[in-house]
Amino acid sequence: MTQETATEKKRNPLVPFMRVPEDPKDEPYLWGSKCKACGTIFLGERVACGKCGNTDPFEEVRLSDEGEIYVFSVVHQTVPGLEAPYVAAIIDLPQGVAVRGNVYGLDPTSPSPDWFGKKVKMYTEKVRTDREGNDVIAAKFKVID
Amino acid sequence: MKDVAIVGANMIKFGRYPDKDVVRLASDAAIGALKDAGISINEVEVMVSGNLYQSNAMIGQRIMKEIGATGIPVVNVANACATGSTAFREAYLAVASGAYDVALAIGSEQMGKMGLLGFGGERDISYSTEGVMGTGLMPGVFGQTGVEHMRKYGTTAEQFAKIAVKNHKHGVHNPYAQYQKETPLEDVLNARMIAWPNTLFMCCPTGDGAAAAVLMSAEKARQYTSAPIWVAASVLTSDPWQERNPTMFDVNTLTRNAAKQAYEEAGIGPEDLSQVELHDCFATAELVHYDNLMLCDEGEAGRLIDEGETSVGGRIPVNASGGLLSKGHPLGATGVANIVEIVWHLRGQAGGRQVQNSKVGLAHVIGLGSACTIHIVKK
């Protein structure tokens with residue numbers, strides 16, 4: 001019988017612009033790179049600024065977990081394994097960067113212009129297990145107003 | 001740049017051809033375009049092939065082996081949904097530059113029942129914007145495009161639905177369209193929801209198709225025709241930096257940039273156009289492009305569809321062919337086919353869907369990611 005070493009299960013982010021702290025008590029968060037020349041913030045890592053072309057090192061910024069709905073669609077027809085319908089939104093974060101995400105807490109059967117500008121808060125959820133048995137963590141959003 | 005004429009134009013009926021391969025579909029379109037021009041493959045000096053899924057498999061050269069392996073330069077082009085129109089533009093540039101006198105552009109695709117899904121993996125840095133898998137699927141993306149127009153200008157779901165009503169009405173008269181079926185407003189609104197506000201009838205079908213065009217220098221064209229069709233503008237743009245892009249695809253800014261360049265290059269304004277074939281992959285897309293192509297004042301697109309101005313017989317007919325909503329959207333074929341459609345109208349060969357007295361047409365395509373082509377062609 002082979003000796004098995006119990007490896008600790010990790011929490012890995014689904015997207016490269018999310019950081020998952022080692023301590024499970026700490027909440028995962030989204031991060032971006034700020035161009036030191038023009039101040040534009042991008043999701044995740046950058047080698048150059050897509051706006052001004054600057055290639056100096058970027059400053060890492062922690063993004064807010066609250067934002068507001070810019071626009072959305074309600075997706076009824078989707079890939080196998082996803083529960084539909086769901087509200088697929090573009091969410092503006094106060095740092096001036098937008099993120100895609102599904103929003104919960106709205107009735108997907110009655111989409112409405114009233115949803116524009118709704119305040120949402122990010123939460124994370126395990127969406128699957130990767131090949132090494134680690135949890136894969138994704139960001140979702142819920143309406144808070 | 002030298003003047004370039006379109007002397008041959010042809011497409012096959014779009015649809016599903018499970019018994020033919022894509023080389024055969026492309027060959028049928030190409031041979032038709034050569035016959036239309038009155039030349040053989042031996043007169044062609046350069047060929048550009050647009051095909052999204054097989055450009056990594058030398059489809060252009062495979063087509064030449066079928067229609068005449070003359071040893072000329074062959075280029076394979078891929079540019080998302082703008083693949084065909086980019087191939088046309090490369091053929092145009094080959095002649096406009098003075099390097100060649102006769103070029104053949106072929107667009108082809110065989111998709112079967114494959115859907116229009118999203119792209120970009122989790123680790124692709126430029127597209128790693130998926131919050132949860134499924135937020136970036138094409139129907140949702142183009143749903144958001146329409147919803148942004150609602151937010152900015154108060155456009156309604158019903159106005160978007162009217163686009164599908166109009167295009168399917170036009171499509172009835174197009175024997176080259178995959179579907180020739182009218183869809184009254186009630187049917188469109190009550191059809192299965194795909195991604196709000198687009199219902200099933202507001203999404204283009206995918207399928208198989210091919211189209212081809214023969215381009216010539218002015219001197220060469222005079223040997224073959226007394227009535228050439230001229231390329232008055234050929235423009236290709238990509239995304240400029242935008243606040244929410246790449247998180248949110250922006251089909252507007254690069255279309256506006258392309259339109260401005262195209263009108264300037266052609267020396268005309270939108271009011272001089274006889275007709276437009278534009279990229280209605282979803283009904284929401286067509287409506288926003290009324291604004292982007294400046295067919296109306298900004299934000300007036302909803303009024304344009306309400307008042308029937310973009311129907312055949314209206315002030316500025318859009319998608320007389322039935323659009324992608326009727327014709328189908330075999331990715332690589334689309335961009336060549338909508339130029340072929342305009343050529344047929346300018347020649348008065350468009351049958352029951354003919355735009356009367358058409359003199360100048362604009363063909364627009366968007367490949368998401370993004371690439372925008374605009375061609376203005378005239379008598």
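Read on for an overview of the structure. Note that the structure is a prediction, hence the values are computed from the model and not measured. (Residues numbered from 1 in each chain as written. Chains lettered and ligands numbered in written order. Predicted model: local features only at pLDDT ≥ 70, side-chain atom pairs only at ≥ 80, totals over all residues.)

### Looking at the overall build of chain B
Consideration 1: For chain B, the count of helices and strands is twelve helices and eleven strands.
Consideration 2: In terms of C-alpha radius of gyration, chain B reaches 19 Å, essentially the compact-globule figure of 21 Å for 379 residues.
Consideration 3: Taking the principal axes of the C-alpha coordinates as reference, chain B spans close to 55 × 50 × 40 Å.
Consideration 4: Counting the 379 residues in chain B, one finds 63% classified as buried. (Helix = DSSP H or I, 4+ residues; strand = E, 2+ residues; numbered from the N terminus. Rg over C-alpha atoms; globule rule 2.2 N^0.38 Å. Buried ≥ 20, exposed ≤ 12 C-beta atoms within 10 Å, placed from the backbone.)

### A few points about the pairing of strand β8 (residues 229–238) of chain B
Residues and elements named next belong to chain B.
Consideration 1: Most of β8 sits out of view: eight of its ten residues are buried.
Consideration 2: Direction of pairing for strand β1 (residues 4–11) relative to β8: antiparallel, over a ladder of two bridges. Looking at β8, one finds that A5 is bridged to W230.
Consideration 3: Relative to strand β11 (residues 371–378), β8 runs antiparallel, the two being bridged by eight bridges. Counterpart to S238 in the pairing with β11 is A371. (Pairing = 2+ DSSP bridges.)

### Considering the nonpolar core
Residues and elements named next belong to chain B.
Consideration 1: Grouped together as the largest cluster of nonpolar side chains are 167 residues, with contacts concentrated most on A105, A213, L215 and V336.
Consideration 2: No other element matches the ten residues that helix α12 (residues 331–347) contributes to this core.
Consideration 3: Leaving out residues up to four positions away in the same chain, A105 has contacts with V48, A87, F88, A91, A212, A213, L215 and V336. (Core = buried A, V, L, I, M, F, W, Y, C linked by C-beta atoms within 7 Å. Contact = placed C-beta atoms within 7 Å.)

### So, the interface of chain A and chain B
Consideration 1: Listed by partner, the interface residues are 33 residues for chain A and 29 residues for chain B.
Consideration 2: Counting residues per element, the side of chain A that touches chain B draws most heavily on strand β6 (residues 66–75) of chain A, at six residues.
Consideration 3: Residue composition of the side of chain A that touches chain B, by class: 22 nonpolar, eight polar and three charged. (Nonpolar A, V, L, I, M, F, W, Y, C, P; charged D, E, K, R; others polar.)

### Describing the environment of V340 of chain B
Consideration 1: On the secondary structure map, V340 of chain B appears in helix α12.
Consideration 2: Judged by the 29 C-beta atoms lying within 10 Å of it, V340 of chain B is buried.

### Considerations on the sheet that holds β8 of chain B
Residues and elements named next belong to chain B.
Consideration 1: Spatial strand order, β3-β2-β4-β7-β1-β8-β11-β10-β9: nine strands in an open sheet with mixed pairing. Here the strands that pair on one side only, and so sit at the sheet edges, are β3 (74–77) and β9 (275–277). Looking at each pair of strands side by side, their axes are set apart by 25 degrees on average, direction ignored.
Consideration 2: Two elements, strand β4 (residues 102–110) and strand β7 (residues 208–217), share nine bridges in a ladder whose sense is antiparallel. (Axes fitted to C-alpha atoms, helices over the stretch in contact; angles between N-to-C directions.)

### Observations regarding the environment of N257 of chain B
Residue and element names in this part refer to chain B.
Consideration 1: Considering the arrangement of structural elements, one finds N257 in helix α8 (residues 253–266).
Consideration 2: When the C-alpha positions of N257 and L293 are compared, they lie 9.3 Å apart, and in sequence the two are 36 residues distant.
Consideration 3: Residues within four places of N257 in sequence aside, it is in contact with T237 and P240.

### Brief notes about the pairing of strand β8 (residues 97–104) of chain A
Residue and element names in this part refer to chain A.
Consideration 1: Extensive coverage of β8 is indicated by the burial of seven of its eight residues.
Consideration 2: In this structure, strand β7 (residues 86–93) lies alongside β8, joined through seven bridges in antiparallel fashion. By the bridge assignment for β8, V87 is matched with V103.
Consideration 3: The hairpin turn running from β7 into β8, its antiparallel successor, is three residues long, and G96 in that turn takes a positive phi close to 90 degrees.
Consideration 4: Where β8 and strand β10 (residues 135–143) come together, two bridges link them in parallel fashion. Along β10, the bridge assignment pairs V103 with F141.

### Structural notes on the environment of A212 of chain B
All names here are of chain B.
Consideration 1: Relative to the helices and strands, A212 resides in strand β7.
Consideration 2: We classify A212 as buried; it has 37 C-beta atoms within 10 Å.
Consideration 3: Note: C-alpha distance between A212 and A26 (186 residues apart in sequence) is 7.8 Å.
Consideration 4: Once residues within four sequence positions are removed from consideration, A212 is found in contact with N10, A29, A30, G32, A33, L104, A105, I106 and V336.

### Here's the deal with the packing of helix α4 (residues 138–153) of chain B against helix α9 (residues 283–292) of chain B
All names here are of chain B.
Consideration 1: In the contact formed by α4 and α9, the axes pass within 8 Å of each other and the chain directions differ by 40 degrees. Considered as vectors, α4 and α9 are oriented oblique to each other. Judged by the twist between their axes, the crossing of α4 over α9 is left-handed. In contact with F142, G143, T145, G146 and H149 of α4, α9 contributes T284, A285, L287 and V288.
Consideration 2: The residue makeup of the contact of α4 with α9, split by class, is four nonpolar, five polar and no charged. (Parallel < 35°, antiparallel > 145°, perpendicular 65-115°, else oblique. Left-handed = near helix turned anticlockwise from the far one by under 90°.)

### A closer look at unusual backbone geometry
Consideration 1: P85 of chain A follows A84 of chain A through a cis peptide bond whose omega is 0 degrees.
Consideration 2: With omega at 5 degrees, the peptide bond leading from G369 of chain B into S370 of chain B counts as cis.
Consideration 3: Residues other than glycine seldom take positive phi values, yet N319 of chain B does so here, at roughly 55 degrees.
Consideration 4: A positive phi angle is found at N357 of chain B, which is not glycine, with a value near 60 degrees.
Consideration 5: Relative to the helices and strands, N357 of chain B is located in the loop between α12 and β10 (360–367).
Consideration 6: Judged by local crowding, N357 of chain B falls into the exposed class, with 8 C-beta atoms found within 10 Å.

### Here we look at the packing of helix α1 (residues 22–37) of chain B against helix α2 (residues 59–67) of chain B
Residue and element names in this part refer to chain B.
Consideration 1: Look at α1 against α2: their axes get within 9 Å of each other, and the N-to-C directions meet at 60 degrees. The hand of the α1/α2 crossing is right-handed. Between α1, through V22, V23, A26, S27, A30 and I31, and α2, the contact on the second element is made entirely by I59, R62, I63, E66 and I67.
Consideration 2: Residue composition of the contact of α1 with α2, grouped by class: eight nonpolar, one polar and two charged.

### A few points about α1 of chain B
Residue and element names in this part refer to chain B.
Consideration 1: Along its 16 residues, α1 runs 23 Å from first to last C-alpha, staying within 8% of the 22 Å computed at 1.5 Å per residue.
Consideration 2: In terms of burial, α1 is a largely internal element, twelve of the 16 residues being buried.
Consideration 3: Elements in contact with the buried residues of α1: β1, α2, β4, β7 and α7 (218–224).
Consideration 4: Among the residues trailing α1, G38 stands out with phi positive, at a value near 80 degrees. (Expected span 1.5 Å × (residues − 1).)

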